[in-house]
Amino acid sequence: MIEYFVPGASTYAGDIDFLFDMITVIVGFWFVMVLAVMTYFMVRFRRKEGVRAAYISGDPHSQKKWTHYPHYSVIALDVVIIVFTVMVWVDVKQTLPQAEDKIRVVGQQWSWFFIHSGPDGKLDTEDDISTVNDLHVKKDTVYHFELESRDVLHNFSVPAFRLRQDTIPGRTITGWFEPNKTGIYDIQCAEICGYGHGIMGATIVVHEDQQSYDAAMESIRNRTYESDYQKRLQKMTVSTASNSESFTDKLLSSF
Ligand SMILES: [Cu+2]
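Reading the values: rules and limits
- Along every chain, residues carry numbers that run from 1 in the direction the sequence is written.
- Predicted model: local features are reported for residues with pLDDT of at least 70 only, side-chain atom pairs are reported and counted for 80 or more only, and whole-chain, interface and lining totals are derived from all residues.
- The way it works is that DSSP assigns letters per residue, a run of H or I at least four long becomes a helix, a run of E at least two long becomes a strand, and they are numbered from the N terminus.
- What the globule rule says is 2.2 Å times the number of residues to the power 0.38, and the radius of gyration is computed from C-alpha atoms.
- Note on contacts: each residue gets a C-beta atom placed from the backbone, and two residues are in contact if those atoms are within 7 Å.
- Strands qualify as paired when DSSP identifies two bridges or more between them.
- Working convention: axes come from line fits to C-alpha atoms, limited for helices to the stretch in contact. Angles between N-to-C directions cover 0 to 180 degrees.
- Boundary definitions for the domains trace back to an automatic or database domain assignment.
- Residues are grouped as follows: Ala, Val, Leu, Ile, Met, Phe, Trp, Tyr, Cys and Pro are nonpolar; Asp, Glu, Lys and Arg are charged; every other residue, Gly included, is polar.
- What a helix is expected to span follows from its residue count: subtract one and scale by 1.5 Å.
- Each residue is classified by how many other C-beta atoms fall within 10 Å of its C-beta atom, where C-beta atoms are placed from the backbone; a count of 20 or more means buried, 12 or fewer means exposed, and values in between mean partly exposed.
- One nonpolar core equals one set of buried Ala, Val, Leu, Ile, Met, Phe, Trp, Tyr and Cys residues connected by C-beta atoms within 7 Å.
- One axis fitted to the seven residues ending at a residue, another fitted to the seven starting there: the angle between these axes is the bend at that residue.

**Some words on the overall build of the chain**
Scanning the chain from terminus to terminus reveals five helices and 10 strands. Computed over its C-alpha atoms, the radius of gyration of the chain comes to 25 Å, more than 25% above the 18 Å expected for a compact globule of 255 residues. Restricting to contacts in the chain with at least 6 residues of sequence separation, those with at least 24 account for 63%.

**Concerning the sheet that holds strand β8 (residues 173–177)**
Spatially, five strands are ordered β3-β2-β1-β5-β8 in an open sheet, and the strand pairing comes out mixed. Edge strands, defined here as strands with exactly one partner in the open sheet, are β3 (129–132) and β8. The sheet shows a mean angle of 25° between the axes of neighbouring strands, taken without regard to direction. Sheet topology note: the strand β5 (residues 143–149)/β8 ladder contains five bridges and is antiparallel. Within the sheet, the bridge partner assigned to tyrosine 143 lies in β8 and is phenylalanine 177.

**What to know about the domain arrangement of the chain**
For the chain, the assigned domains are domain 1 (2–46 + 56–94) and domain 2 (101–236). Residue-level contacts link 10 residues of domain 1 with 13 residues of domain 2. In terms of residue class, the side of domain 1 that touches domain 2 is built from six nonpolar, three polar and one charged.

**Quick look at helix α3 (residues 210–221)**
Counted at 1.5 Å a residue, the expected span for α3 with its 12 residues is 16 Å, and the 16 Å between its end C-alpha atoms agrees. Judged by how many residues are buried, α3 sits mostly at the surface: one of 12 residues are covered. Positive backbone phi, at 60°, marks arginine 223, one or two positions downstream of α3.

**Section: the nonpolar core**
Of all hydrophobic cores here, the largest spans 26 residues; its most connected members are Val105, Leu135, Val158, Phe161 and Ile204. Those elements that place two or more of their residues in this core are β1 (101–108), β2 (111–116), β4 (134–138), β5, β6 (154–158), β8, β9 (183–189) and β10 (201–207). The element that contributes the greatest number of residues to this core is β10, accounting for four residues. Excluding anything up to four places from it in sequence, leucine 135 contacts Ile103, Phe114, Ile187, Ala202 and Ile204.

**A closer look at the environment of histidine 71**
The residue histidine 71 is located in helix α2 (residues 61–94) in this model. We classify histidine 71 as exposed; it has 9 C-beta atoms within 10 Å. Distance from histidine 71 to isoleucine 168, taken between C-alpha atoms, is 39 Å for residues 97 residues apart in sequence.

**Here's the deal with unusual backbone geometry**
Here the residue pair glutamine 109 and tryptophan 110 is connected by a cis peptide bond, since its omega of 0° sits within 30 degrees of zero. The backbone of aspartate 124 shows a phi angle near 60°, a positive value even though the residue is not glycine. In this structure, aspartate 140 is a non-glycine residue whose phi angle is positive, near 55°. Position of aspartate 140 relative to the elements: it lies in the loop between β4 and β5.

**Some points on α2**
Taking 1.5 Å per residue, 34 residues should reach 50 Å; α2 reaches 46 Å between its end C-alpha atoms and fits that length. The largest bend in α2 comes to about 25°, at threonine 67, with the proline proline 70 one to four residues further on. Across the 34 residues of α2, zero count as buried, placing the element largely on the outside.

**Looking at the pairing of β2**
Of the two faces of β2, the one lined by Trp112, Phe114 and His116 is fully buried and the one lined by Ser111, Phe113 and Ile115 carries no buried residue. Taken together, the six bridges between β1 and β2 define a ladder with antiparallel strand orientation. Directly across from valine 105, in β2, lies its bridge partner phenylalanine 114. Between β1 and β2, which pair antiparallel and follow one another directly, the connecting turn spans two residues.

This is the structure:
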């Protein structure tokens, strides 16, 4: 269902979508059920000429059960939701599969700073490659990310990966993802972090293979790289602008 609006591009995107779908179906069922019963009763027991209203206390068991039975089933369904949610939570947030590559993500008012590990696969070495608002990863590779903040709370959110993680000043938070679909996807800040919060976006490029990834890294190294983030921003600006200076342009030039 969510796939229809935002493509899923990580190995755990399907699990998260399943939770959303399941909760929507369960909650939706009860929502429709309650409205239907209420509407039926409103019509069926509407005021009639010469008929006195019945006083129903709800005390006898024969009446109470109509409150209890729905309660029991709601509790049972809550347990079902909790069980599946905990399973997905453990898989996504509490297990850390072996890393095949590492990146560092640093949030700051109002941009994302990325450090790619370089050919040695290790951070904090000579061959690290840093970028602003442009993150590059390879498909079918398990990444560990080290998440930091330079100033305030931010939230590293990659909707296509169904990934969201707060950044907390003074702390390094480690997490993982494995992209499984090539493409260019949005990164956004999902925690109000100041007046530039709304434009704190970035781009993640999932490369098909090592070759395409290396080519991007090479162009960054020798400064011929054309920012995918800027290209995406321009495309957005062009398609939404009715005149030459769009809202995004105005907003960007105000910083
Ligand atoms: Cu932010």
